[in-house]
Structures are given as structure tokens and as C-alpha cells.
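# Secondary and tertiary structure notes
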Amino acid sequence: MNDVREVNLSDGVVALSPPGPDDVDAHLAGEDELQIRWLSEKPATRTDIEAYFRRCAEQWATRGPLRAFGIRLADRSTLVGYIDLRFDVAALAPGQANISYTLYPDWRGRGLVTRAVRLICRYAASEGVTQAVIRVDPENPASAAVARRSGFVHDRRIVEEDGHLNDWYLLDLPAV
């Protein structure tokens, strides 16, 4: 199993690393109406993001069911979005993990999230995940396109426990 200090995910263009206190301002500056619509449902406050990043650090420290990463340029100086892996989504089968992501507006359309998804899938496989899941609102074609570009295949459309309609995209991961 990987310790957060051992996680080194980069493809030479994008790097993933856990978010921290120094990322709060960049995250708040990058939030837009699309991120709010698809992920959070309300604008974030500094208090919200600080608490979330503390929770992310706690999850890493305790090997909890959430593994969150900042998506950065490969030099690791510029935060361009975030991606997370969740092992505890209620509808998941054993061996599955959910991936969710967002990219800040200035960085969209450059293939960075697709690269980040591929990197987090590599990490997920190293953690024993056999199938990655991306759940996408049918009205979010950009997110569905990322799933397809990353090799995921549409599996089904379901109403989730929270009442949201989602398309499920699946990708079998190789054993590591």
C-alpha cells in the first residue's frame, strides 16, 4: 500500500499530489458555475475549502476511503483542478472505486483531465481497485467526453440514492 509521501503521479505534463493549505486560494479562484453545478451545488467558502482539505489530509493519514489530488502542471507549481478517488460510494461493487474531477476554466480543453484520469487509474490499480467508475450527469457532455477519451465505456444510466440521474462509465484496471 502507498503512503502519501510515496505517491508520485506524473506523466511529464500533469502531476497529481494531495491538496494542502497552500492550495485554498487557487481553488477558490478557479471555482466557476460549471464546477458548482456538477460537483458542489453551492459556491465554496474559504472555511469550506480549508475544512475539506483538512479532511483530505486526514483521509490520507488514516488510509480512509477518500484519496484526493490536486491536478497540477508537471512542475507542480500551478494548481489547475482536482481529482479524487472514492472507495466508499454506496452503489459500488467490491473492487470498484469512483473517480470525480474538475478543471478550472482557464485550463479546460487541453486534455489535462484526461491525463489526470489515466494517472489516478494507475494509482487505483496499485491500491487493488479492479474497476474504475466515473458517474456523469447526462447533461454534462464534457465530463462524459473525458470518460470516453480515458477509455471508459458507458455501462448504464441510473437514478442514484440521492435522486440524481447519472450515466455510469466503467474501465477495467489491470492488476498491478
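Along each chain, residues carry numbers from 1 onward, in the same order as the chain's sequence is written. Per-residue local features of the predicted model are confined to residues with pLDDT of at least 70, and side-chain atom pairs are confined, for both listing and counting, to 80 or more; whole-chain, interface and lining totals are unaffected and use all residues. Excluding hydrogens and water, the side-chain figures rest on all heavy atoms present in the structure.

Put simply, side chains in a regular strand alternate between the two faces of the sheet. Residue burial is assigned from relative accessible area. The probe radius is 1.4 Å, only protein chains are included, and a residue is buried under 20% of its type maximum, exposed over 50%, and partly exposed in between. In this description a helix means any DSSP run of H or I spanning at least four residues, a strand means any run of E spanning at least two, and both kinds are numbered starting from the N terminus. Counting buried positions along strand β5 (residues 96-103) yields eight of eight residues, so the element is predominantly enclosed. On β5, burial covers both faces: Q96, N98, S100 and T102 on one face and A97, I99, Y101 and L103 on the other are all buried. With six bridges connecting them, strand β4 (residues 79-86) and β5 associate as antiparallel partners. Directly across from D84, in β5, lies its bridge partner S100. Between any two strands, pairing holds if DSSP finds at least two bridges. Examined bridge by bridge, β5 and strand β6 (residues 131-136) share four bridges and lie parallel to one another. The residue bridging A97 from the neighbouring strand is A132, located in β6. Each parallel crossover has a hand, and for β5 linked through helix α4 (residues 112-126) to β6 it is right-handed. Note on handedness: a crossover is taken as right-handed if, strands pointing away from the viewer, the path from the first strand over the helix to the second is clockwise.

Glancing now at the side chain of R67. Within the secondary structure, R67 sits in strand β3 (residues 66-73). Polar contact is the term for a pair of N or O atoms within 3.5 Å; when the atoms are in protein, one must be able to donate a hydrogen and the other to accept it, and sequence-neighboring residues count only if both atoms are side-chain atoms. Within polar-contact distance, the side chain of R67 engages the side chain of E127 at 3.2 Å.

The next thing to look at is the packing of aromatic side chains. Note on aromatic pairs: each is described by the distance of the centres and the angle between the planes. Pairing of aromatic side chains requires ring centres within 6.5 Å, counting the rings of Phe and Tyr and the six-membered ring of Trp. Pairs whose planes differ by under 30 degrees are stacked, by over 60 edge-to-face, and all others tilted. On inspection of all chains with the given rule, the structure shows five aromatic pairs. An aromatic cluster is present here, built from Y52, F53 and Y82 joined pairwise through their rings. Over the ring of W60 we find R67, and its NZ or CZ is 5.8 Å from the ring centre. The rule is short: NZ of Lys or CZ of Arg within 6 Å of the ring centre and within 35 degrees of the ring normal puts a charge over the ring. Above the face of the W168 ring, R156 is positioned so that its terminal group lies 4.1 Å from the ring centre.

To continue, consider the nonpolar core. Residues belong to a common nonpolar core when they are buried Ala, Val, Leu, Ile, Met, Phe, Trp, Tyr or Cys residues joined through side-chain atoms within 4.5 Å. Counting 35 residues, the largest nonpolar core has L16, I83, I99 and F152 as the members making the most contacts within it. Taken together, the elements giving at least two residues each to this core come down to β2 (14-17), β3, β4, β5, α4, β6, α5 (141-149) and β8 (165-172). In terms of residues, this core owes the most to one element, α4, which gives ten residues. Should any heavy atoms of two residues lie within 4.5 Å, those residues are considered in contact. Residue contacts for I83: discarding those within four places in its chain leaves L16, R67, A68, F69, I71, I99, S100, Y101, A116, V117 and I120. I49, C56, L66 and A68 belong to the second largest nonpolar core, which has seven residues in total.

Residue-level confidence of the predictor is what pLDDT reports, using numbers from 0 through 100. In this model, the protein chain carries an average pLDDT of 89, and 93% of its residues clear a pLDDT of 70 or more. Per-element averaging of pLDDT across the protein chain places helix α2 (residues 33-40) at the bottom with 69 and β6 at the top with 97.

Turning to its location among the elements, R149 is positioned in helix α5. Counting along the chain gives 56 residues from R149 to A93, while the straight-line C-alpha distance between them is 24 Å.

Before going further, it helps to spend a moment on the sheet that holds β2. Pairing within the open sheet is mixed, and its eight strands lie in the order β1-β2-β3-β4-β5-β6-β8-β7. In the strand order of this sheet, the two ends are held by β1 (9-10) and β7 (153-159), each with one partner. In this sheet, β8 lies alongside β7 in antiparallel orientation, the contact comprising six bridges. Bridge pairing in β8 links H154 to Y169. Fitted lines through C-alpha atoms give the axes, limited to the stretch in contact for helices. The angle between two N-to-C directions lies from 0 to 180 degrees. Strands in contact with helix α3 (residues 46-62) are β3 and β4; relative to β3, the strand with the most contacts, it is inclined by about 115°.

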